[in-house]
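The chain contents come next:
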Amino acid sequence: MLLFLSQEAEARPRPGAAAVGLGPAPGMAVCGEAVGAGSLPSELVVHIFSFLAGPDRLRASAACSHWRECLFYPALWPRLRLSLRVAPAERPRLDFLMRKCGWFVRELRVQFAADNYPGGGGGAGGVCEGAAAAAEGETPLCPRWLDLLRTYLELVLCVLSSVRNNRNLQKLSLFGDISILQQHGSISNTYLSKVDPDGKKIKQIQQLFEEILGNSRQLKWLSCGFMLQIVTPTSLSSLSNPIANTMEHLSLLDNHIPGNTTLITAVELERFVNLRSLALDFCDFTAEMARVLADSNHVPLHRLSLLVHKISIMHKSLENMPEDENWKALTRNSTNLRVYIMAFDIKSDDMLRILKPSIPLERIHFDSYITCVSGAVVDLISRQYDKFLTHFILMNDVIDMSGFPDLSDNRNEDPLVLLAWRCTRLSLLAVHGYTVWAHNLIAIARLRGSDLKVLEVTEESIDFDQGELADQDVDPVHNLIEQVSLGLGRPWHAVMDIELLSVFTEPTRHFYREMQSFSEGI
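Everything quoted here is computed from the prediction, not taken from an experiment.

What follows concerns the overall build of the protein chain. A count of helical and extended segments in the protein chain gives 23 helices and 14 strands. Residue burial in the protein chain is summarised as follows: out of 522 residues, 53% are buried. Carbon and sulfur atoms provide 52% of the accessible area of the protein chain, an area that totals close to 23,700 Å².

See below:
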């Protein structure tokens, strides 16, 4: 790296040098001659580092001890974004980095990614034998899950303890990708009782989180998603009124909260008068909350992200959700409000209750392992939200020997084609696990054309009419690719593997990532 910088400096001519054939100016020392890299002023080294990406900074800091000391100058690390594997090997590296940067970093984003679930499934189905036994109150427990939870708690403690006294913190975002444990609540409680028998670590984590909120002086963005038992219903009370009054983004998501407990109440929300974006579990977003946000004392809300999850509906109620008049009042105060909803394993009847006409719905994502979306729901969405809808995602991993569900079954028009026709702002359509007829896919491409920036359909979801298959003169697959490409005005291919879908991630991880970008896009 030092050699590269020296070569670049020598290759860049000084003004007029080429015309008169001048060499280096008198008295100017070239790096490597009279003055070494270690003699450069710290301010200059920091200025050089400011032009380099993180990995290049690390390599450049190996030039000498002086450069290494300049590596963690606060101005170089205003933002720290970490994706941590829940593995013991991460602890020493994390401890070093947080010790260096935790006390001054202004934006901290941490994702705890458990990428190797016990049982090898990597998703909701990856349950080892010990875990299944634990769910029934039996033994033995799965050692890998015990290690996963133990390591997770240690990493969380390391992060929180490092920023507890950071008064410069402006953005704090924490995401815990351990949804397999949260989806099996009794299992995670069983394992927690073994890893943290007296609950001291959990209490310490909750206390540290409250200390961070209590010590904050500049916090404007607070986002906590699916962090196992880190946020409690009393956490936000640690925020001082001046900080709560100036908070611009708040997201509190946790499907592990027992019973009817919510992380924020309408009374607590009254303090957040400057909120511009909000993300909550749908069951926690009540009619009273909508009334609070519609009050003229609050600045207009621009982004609202809601997660409708089967677990929360099982333990909570939809009776307190906003009615259409509440949405109308909210949009009168927040004329630019846009809503993003992700529905995970929700019955169509519940969705028909949830989807009020006055919701300014811009994005909706259906993901399911158990239930499927009905054509009636898709038709309702296309009729009610034609002025707003830009993103529509249908994901289905239900295993059914009879094949994928067909939304156009017994209908004159396919609901997805009607969606493309009515929703003129549609820019993203992704489908997996539902039958999409080839001729309908061509129609969608022609209707939306180049405005449809993303059209992702898995190959296994596409079906052909018998007439197309019987025509020996035309290759149906080649014809589909050609016609869709012509409609979109760019080359197009079906997605060969579901894992190649840009939207294919574990559902909560995808929702959290999209919610972040959605909220930042104000």
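Attention now moves to the packing of helix α8 (residues 143-163) against helix α11 (residues 200-215). Across the interface, α8 lies against α11 with an axial gap of 9 Å and an inter-helix angle of 25°. The orientation of α8 with respect to α11, classified from their angle, is roughly parallel. By crossing handedness, the relation of α8 to α11 is classed as left-handed. Across from Leu153, Glu154, Val156, Leu157, Leu160, Ser161 and Val163 in α8, the residues of α11 making contact are Lys201, Ile202, Gln204, Ile205, Leu208, Phe209 and Ile212.

The subject of this paragraph is the side chain of glutamate 362. Take glutamate 362: it is sitting in strand β9 (residues 361-368). Aside from chain neighbours lying at most four places away, what touches glutamate 362 is Arg338, Val339, Phe388, Leu389, Thr390, His391 and Phe518.

In this section: the nonpolar core. Counting residues in hydrophobic clusters, the biggest one holds 138 residues, and the most contacted among them are Phe285 and Phe392. A total of 13 residues in this core trace back to one element, the largest contributor, which is α8. Contacts of phenylalanine 392, omitting those with residues within four sequence positions, involve Ile364, Phe366, Val378, Ile381, Leu416, Leu419, Leu426, Leu428, Leu429 and Ala430. Judged by nonpolar contacts, the second largest core, of 11 residues, contains Phe175, Leu253, Ala279 and Phe518.

All right, on to the pattern of salt bridges then. Between side chains of opposite charge, a pair can form when the charged atoms approach closely. For the coordinates displayed, the defined rule picks out 21 salt bridges. Residues lysine 200 and aspartate 198 are paired through a salt bridge, measuring 3.9 Å at the closest nitrogen-oxygen approach. According to the relative accessible area criterion, lysine 200 is exposed, its value standing at 59%. The class for aspartate 198 is partly exposed, based on a relative accessible area of 44%. Here arginine 353 makes a salt bridge to glutamate 319, at a shortest N to O gap of 3.5 Å. Of the two residues, arginine 353 sits in helix α17 (residues 348-354) while glutamate 319 sits in the loop between α15 (310-315) and α16 (324-333), which places them 34 residues apart along the sequence. Judged by relative accessible area, which is 58%, glutamate 319 ranks as exposed.

Okay, helix α19 (residues 415-422) next. Within α19, 6 of the 8 residues are buried, which leaves the element mostly enclosed by the surrounding structure. For α19, the set of buried residues is Pro415, Leu416, Val417, Leu418, Leu419 and Ala420. In this fold, the buried residues of α19 make contact with α18 (375-384), β10 (391-396), β11 (428-432), β12 (436-437) and α20 (438-448). Here α19 starts with a cap whose side-chain oxygen sits 2.9 Å from the backbone nitrogen of leucine 416, and that cap is aspartate 414.

This part covers the confidence of the model for the protein chain. When pLDDT is averaged along the protein chain, the result is 84; 83% of the residues meet or exceed 70. Confidence over residues 118-127 falls short of pLDDT 50; this stretch has 21 contacts with residues more than four positions distant or in other chains.

Here we have 12 strands laid out as an open sheet, ordered β1-β2-β3-β4-β5-β6-β7-β8-β9-β10-β11-β13, and parallel in their pairing. Of all the strands in the sheet, just β1 (79-85) and β13 (454-457) have a single pairing partner and so form its edges. Between one strand axis and the next, the sheet turns through 10° on average, direction left out of account. By the bridge criterion, 5 bridges tie β10 to β11 in an arrangement that is parallel.

With that out of the way, let us pick up the side chain of glutamate 90. Along the chain, glutamate 90 falls in helix α6 (residues 90-101). Take glutamate 90: its relative accessible area is 10%, and that puts it in the buried class. Within the local environment of glutamate 90, its side chain forms a polar contact with the backbone nitrogen of arginine 85, the two atoms lying 3.0 Å apart. The contacts of glutamate 90, once residues within four sequence positions are left out, are Ser83, Leu84, Arg85 and Leu155.

Along the polypeptide, serine 251 turns up in strand β5 (residues 249-253). By relative accessible area, which is 0% here, serine 251 ends up buried. Between the C-alpha atoms of serine 251 and leucine 306, which are 55 residues apart in sequence, the distance is 9.7 Å. When neighbours within four sequence positions are excluded, serine 251 is seen to be in contact with Leu222, Ser223, Cys224, Ala279 and Met515. Of note is the side chain of serine 251, whose polar atom sits 2.4 Å from the side chain of serine 223.

So, about the pairing of strand β3 (residues 171-177). The element β3 is extensively covered by neighbouring structure, given that 6 of its 7 residues are classed as buried. Of the pairings in the sheet, the one linking β3 to strand β4 (residues 221-225) comprises 5 bridges and is parallel in character. Paired with serine 173 across the bridge in β4 is serine 223.

With that out of the way, let us pick up the packing of helix α14 (residues 287-294) against α16. One way to put it is that α14 packs onto α16 with a least axis distance of 8 Å and a crossing angle of 20°. The angle between α14 and α16 places the two elements in the roughly parallel class. Every pair of crossing elements has a handedness; the one defined by α14 and α16 is left-handed. On α16, the residues that touch Ala287, Ala290, Arg291, Leu293 and Ala294 of α14 are Asn326, Ala329, Leu330 and Asn333.

To continue, consider the packing of aromatic side chains. Summed over the entire model, instances satisfying the criterion amount to 12 aromatic pairs. Ring centres of phenylalanine 72 and tryptophan 77 lie 5.7 Å apart, and the angle between their planes is 20°; this geometry places the pair in the stacked category. Put simply, the rings of Phe72, Trp77 and Phe96 pair up and form one aromatic cluster. Geometry around tryptophan 77 places arginine 57 over its ring, the cationic atom sitting 5.4 Å from the centre. The ring of phenylalanine 518 has arginine 303 sitting right over it, with the charged end atom 5.0 Å from the ring centre.

Per the stated rule, a full pass over the model turns up 0 disulfides. The structure places no disulfide on cysteine 64, whose sulfur is separated from the nearest cysteine sulfur, that of cysteine 70, by 8.0 Å. Residue classification places cysteine 64 among the buried positions, given a relative accessible area of 18%.

Analysis parameters
- Residues numbered from 1 in each chain as written.
- Predicted model: local features only at pLDDT ≥ 70, side-chain atom pairs only at ≥ 80, totals over all residues.
- Heavy atoms only, no water.
- Helix = DSSP H or I, 4+ residues; strand = E, 2+ residues; numbered from the N terminus.
- Buried < 20%, exposed > 50% of the residue type's maximum accessible area, 1.4 Å probe, protein only.
- Areas by Shrake-Rupley, 256 points an atom, 1.4 Å probe, with all protein chains shown as cover.
- Axes fitted to C-alpha atoms, helices over the stretch in contact; angles between N-to-C directions.
- Parallel < 35°, antiparallel > 145°, perpendicular 65-115°, else oblique.
- Left-handed = near helix turned anticlockwise from the far one by under 90°.
- Contact = heavy atoms within 4.5 Å.
- Core = buried A, V, L, I, M, F, W, Y, C linked by side-chain atoms within 4.5 Å.
- Salt bridge = Lys/Arg side-chain N within 4 Å of Asp/Glu carboxyl O.
- Polar contact = N/O pair within 3.5 Å; in protein donor to acceptor, adjacent residues only side chain to side chain.
- pLDDT = per-residue confidence, 0-100.
- Pairing = 2+ DSSP bridges.
- Phe/Tyr/Trp six-rings, centres within 6.5 Å; stacked < 30°, edge-to-face > 60°.
- Lys NZ or Arg CZ within 6 Å of the ring centre and 35° of its normal.
- Disulfide = S-S within 2.5 Å.

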